[in-house]
Amino acid sequence: MKINRRRRLIKTFNLLDQPIKFNPFVFSRTFFMWALNGLVGGAIAGGYWIVLEHFTEFLVQFQGWMVIPTMAICGLLAGLVIHFIGDPGEIHLIVNNIRFNKGKLDPKNNPSMILSSLFCVASGGSLGPEAPLVQVTGSTGTWLGKIFRLKGEELRSLSIAGMASGFTALFGAPLGGSLFSLEILHHKHAVEYYRAIIPALVASCFSYVMFALIIHLGIGATWDLKAYHYSGVYDFIYAFLFGVVATIFGWIFIFVVKFFKKIFEYRQFPIYIKTLTGGIILGVIAYNFPITRYFGHHEINELINGNFALNFLIVVLIFKIIAIAVTVTSGWRGGFIIPLFFVGTTLGLIIHQLFPTVDTTLAIVSCMAAINACVTRTPMSTTIILGTLTGFTYFVPILFASLTGYFLAPKIPFIGSQSEKLSEE
């Protein structure tokens, strides 16, 4: 019986390896693999989001001084998960595996990434769910590629498509998610990865549909910015200037992260001690400034719709940068893209307070774009994603700001594995 079952399985795979006969269209069997990858990625993202929402609703009840022990305990539990189940790594590990490990993302540490990130994100850490989703769906793409006996660039493309499906599900931007999965691999020969653009687009579209069906609503375009009206060519100059200011804060953020990284790596303490310490610090910050708690998805609307004083916005800006830096360096798991958008929003509001004649929406979106492009080096996908999330339909000013952040970024990238030196070795 086992021999017959194995023969049927081999016969099935041999059929999959053959081209579709009498097919008058462009698509082939690989299209169905990309689509399946997207459907699986969307299902994973939908399930993760539902669990995250319920867990967050439970933990958000702990307000006031209770937020300090809550975040400390969640930090400790996340550290224990990483210590006993396995270290899932961070975004630089994903980039390294795509570039130097033939696109293979190991799924064995996915349980550790899912559990630890749920504790970190749901309790109020300044990191979002995008990085865990990208890692889990990307490794799922690798797993599917092995099932279909893919090798070389086909396997790498399926892994990248999996990454794109996870990112797209969260942001509701298939094109932006696809470009992000390619841009994050940045180096001087990055164009070689653009053969994966079609697989990434197909997987992203199917992922978005699946995700929307599961949670019954797309997440995109949820930030209530006022309508922007183009007022002339000077808007591009303003976008550039706002981009320069935001890039300065991007540099500040990078240096703050390096500072806290030295502190947390000064002694070789177990990971759960670091995450516990990080949780206490984050809890103290959240107790004094509740708007800095969580990764900023809903808090950005609070900033936009609130009428906060200039002094308060400056203090929030400072402590949010510190909160993100502590979260990143103390071993908490998650992504820093949406938190950086929160920083950009705060900075845009500060600029508007200092110069009331400035268009608020243009200032906010330009700052969001520049600071994210400075840190992640993803100007194209940042432009498209922000257009989707904010409803800002004039892409050119955002692109000006994104490119400003990109070209004025530090020569040594924040994500170390993006360094060109690594690709030359």
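Scroll up for the structure.
Draft legend 1. Spatial organisation of the environment of Leu155. Following the sequence through the fold, Leu155 ends up in helix 7 (residues 152–171). According to the relative accessible area criterion, Leu155 is buried, its value standing at 4%. Separated by 11 residues in sequence, Leu155 and Leu144 place their C-alpha atoms 8.9 Å apart.

Draft legend 2. Structural view of unusual backbone geometry. Even without being a glycine, Tyr294 presents a positive backbone phi close to 75°. Secondary-structure assignment places Tyr294 in the loop between helix 11 (271–288) and helix 12 (299–305). At Arg377, a position not held by glycine, the phi torsion is positive, near 60°. Assignment of secondary structure puts Arg377 in the loop between helix 15 (360–376) and helix 16 (379–390). Classification of Arg377 by relative accessible area gives buried; the value is 10%.

Draft legend 3. Broad picture of the packing of aromatic side chains. Enumeration according to the criterion identifies 13 aromatic pairs in this entry. When the ring of Phe31 is compared with that of Phe32, the centres are 5.6 Å apart and the planes differ by 85°; the resulting orientation is edge-to-face. Looking at Phe31, the relative accessible area reads 26%, which means it is partly exposed. Relative to Phe242, the ring of Tyr238 has its centre 6.2 Å away and its plane inclined at 15°; by these criteria the two rings are stacked.

Draft legend 4. Layout of helix 16. An ideal rise of 1.5 Å per residue puts 16 Å on 12 residues; helix 16 measures up with 16 Å between its terminal C-alpha atoms. Within helix 16, 10 of the 12 residues are buried, leaving the element largely enclosed by the surrounding structure. Of the positions making up helix 16, those classed as buried are Pro379, Ser381, Thr382, Thr383, Ile384, Ile385, Leu386, Gly387, Leu389 and Thr390. Looking at the buried side of helix 16, the elements it contacts are helix 7, helix 8 (174–183), helix 14 (337–354), helix 15 and helix 17 (395–407). Immediately downstream of helix 16, the backbone of Gly391 shows phi near 75°, a positive value.

Cut-off values and rules
- In this convention, every chain numbers its residues from 1, walking through the sequence in written order.
- The predicted origin of the model limits local features to residues at a pLDDT of at least 70 and limits the giving and counting of side-chain atom pairs to 80 or more, whereas totals for whole chains, interfaces and linings rest on all residues.
- With hydrogens and water set aside, each side-chain value is computed from the structure's full complement of heavy atoms.
- Runs of H or I in DSSP of at least four residues are treated as helices and runs of E of at least two as strands, each being numbered from the N terminus.
- Between buried and exposed lies partly exposed: a residue is buried under 20% and exposed over 50% of the maximum accessible area for its type, with that area taken using a 1.4 Å probe on protein chains only.
- Any Phe, Tyr or Trp ring, taking Trp's six-membered ring, that has another such ring centre within 6.5 Å forms a pair; planes under 30 degrees apart are called stacked, those over 60 apart edge-to-face, and the others tilted.
- To estimate the expected span of a helix, count its residues, drop one, and scale the result by 1.5 Å.
- Should any heavy atoms of two residues lie within 4.5 Å, those residues are considered in contact.

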